[in-house]
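Analysis of the macromolecular model
The chain contents come next:
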Amino acid sequence: MISRFFRKIMGSQSLGRYALIGTSGIGIDLGVFTLLLLNGFAAIPANVVSSIFGITNNYFLNARLNFLQKVTLFSGLRFFSIGLAGLGLTTVSLHFFILAGMSPVVSKILILPALLAAQFLANRAWTFGRLGDILVDSLGAHRSRALRDCPANSSATVLWHERFVIPKKRGTRVAQR
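Residues numbered from 1 in each chain as written. Predicted model: local features only at pLDDT ≥ 70, side-chain atom pairs only at ≥ 80, totals over all residues. Heavy atoms only, no water.

The first and last C-alpha atoms of helix α4 (residues 73-99) sit 38 Å apart over 27 residues, in line with the 39 Å expected at 1.5 Å per residue. G101 occupies a position one or two residues after α4 and carries a positive phi of about 100 degrees. (Helix = DSSP H or I, 4+ residues; strand = E, 2+ residues; numbered from the N terminus. Expected span 1.5 Å × (residues − 1).)

Applying the stated rule across the entire model yields 5 aromatic pairs. Note on Y59 and F128: the rings are 6.4 Å apart at their centroids and 10 degrees apart in plane angle, and the pair reads as stacked. Here F128 lies in the loop between α5 (104-127) and α6 (130-138) and Y59 lies in helix α3 (residues 43-66), a separation of 69 residues in the sequence. Y59 sits in the buried class, given a relative accessible area of 6%. Take F128: its relative accessible area is 1%, and that puts it in the buried class. Members of the aromatic cluster, each reached through a chain of ring pairs, are Y59, F60, F79 and F128. Over the ring of F33 we find K108; its NZ or CZ atom is 5.1 Å from the centre of that ring. (Phe/Tyr/Trp six-rings, centres within 6.5 Å; stacked < 30°, edge-to-face > 60°. Buried < 20%, exposed > 50% of the residue type's maximum accessible area, 1.4 Å probe, protein only. Lys NZ or Arg CZ within 6 Å of the ring centre and 35° of its normal.)

Let us look at helix α2 (residues 15-38). For α2, with 24 residues, the first-to-last C-alpha span of 33 Å sits near the 34 Å given by 1.5 Å per residue. After α2 finishes, the residue G40 shows a positive phi value of roughly 95 degrees.

Below, the discussion takes up the environment of P45. Residue position: P45 is located in helix α3. In the structure, P45 is positioned 46 residues away from T91 in sequence and 9.1 Å away in space, judged by C-alpha atoms.

A few words now on the pattern of salt bridges. Here the structure, examined in full by the defined rule, presents 1 salt bridge. For the salt bridge of D29 with K108, the shortest nitrogen-to-oxygen distance reads 3.0 Å. Taken together, the residues span a long stretch of sequence, with D29 in helix α2 and K108 in helix α5 at a distance of 79 residues. This pair shows no difference in class: D29 is buried, exactly as K108 is. (Salt bridge = Lys/Arg side-chain N within 4 Å of Asp/Glu carboxyl O.)

Here we take up the packing of α4 against α5. One way to put it is that α4 packs onto α5 with a least axis distance of 9 Å and a crossing angle of 150 degrees. Viewed along their axes, α4 and α5 adopt a mutual orientation that is roughly antiparallel. Classified by chirality, the crossing of α5 by α4 is right-handed. Packed against α4, whose contacting residues are S75, R78, F79, S81, I82, G83, G86, T90, S93, L94, F97 and I98, the element α5 presents P104, S107, K108, I111, L115, Q119, A122, N123, W126 and T127 at the interface. Across the contact of α4 with α5, the residue classes tally to 10 nonpolar, 10 polar and 2 charged. (Axes fitted to C-alpha atoms, helices over the stretch in contact; angles between N-to-C directions. Parallel < 35°, antiparallel > 145°, perpendicular 65-115°, else oblique. Left-handed = near helix turned anticlockwise from the far one by under 90°. Contact = heavy atoms within 4.5 Å. Nonpolar A, V, L, I, M, F, W, Y, C, P; charged D, E, K, R; others polar.)

Here the chain averages 74 in pLDDT, and 65% of its residues register 70 or above. Here helix α7 (residues 145-149) stands out as the element of the chain with the lowest mean pLDDT, 43, in contrast to α3, whose mean of 91 is the highest. A low-confidence stretch, residues 158-169 stays under pLDDT 50, and its non-local contacts, those more than four residues away or across chains, total 21 contacts. (pLDDT = per-residue confidence, 0-100.)

Attention now goes to the packing of α3 against α4. Where α3 meets α4, the axes come as close as 9 Å, and the angle between the chain directions of the two elements is 145 degrees. Here α3 runs over α4; the crossing is right-handed. Contacts from A43, I44, N47, V48, S51, I52, I55, N58, Y59 and N62 of α3 reach α4 at S75, G76, F79, F80, G83, L84, L87, T90, T91, L94, H95 and I98. Looking at the contact of α3 with α4 residue by residue, the classes come out as 12 nonpolar, 10 polar and no charged.

Written out as structure tokens, the structure is:
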């Protein structure tokens, strides 16, 4: 009963599960950030290094536990690019908070919740295929059953397979999902 409730509330591709995984990434990020500051690093380089640790942790855990997909180079690059965009935003925000006289650690803690929500939406849409599904469907392309059941499909993979691997014969219909 409890496990069913937990799965319903914290099911796959959920913001709750993403936040839980993100908390582990934030812990790693803040831990590395604090250690680097204590060892004489400046705040901005420490932010870059610690964020890379957090992004890496979050990608592997989200791919396997939240979005239930294989870890692939393609989705990893997408996730990392969203993480780098977030890193850019946190670095600029961190710089302004520090100029305003705030502690670097407190500044980073204030920045992370908004970043978590924005990155969840971006990763759900782009990295793990939801935006790819929308793009492919809006272009009128149809997936074959084999591609639809493939857990690591994306718009690029589907379009590639439909154009070059599984060409549609004239006059035949492909079942829509």
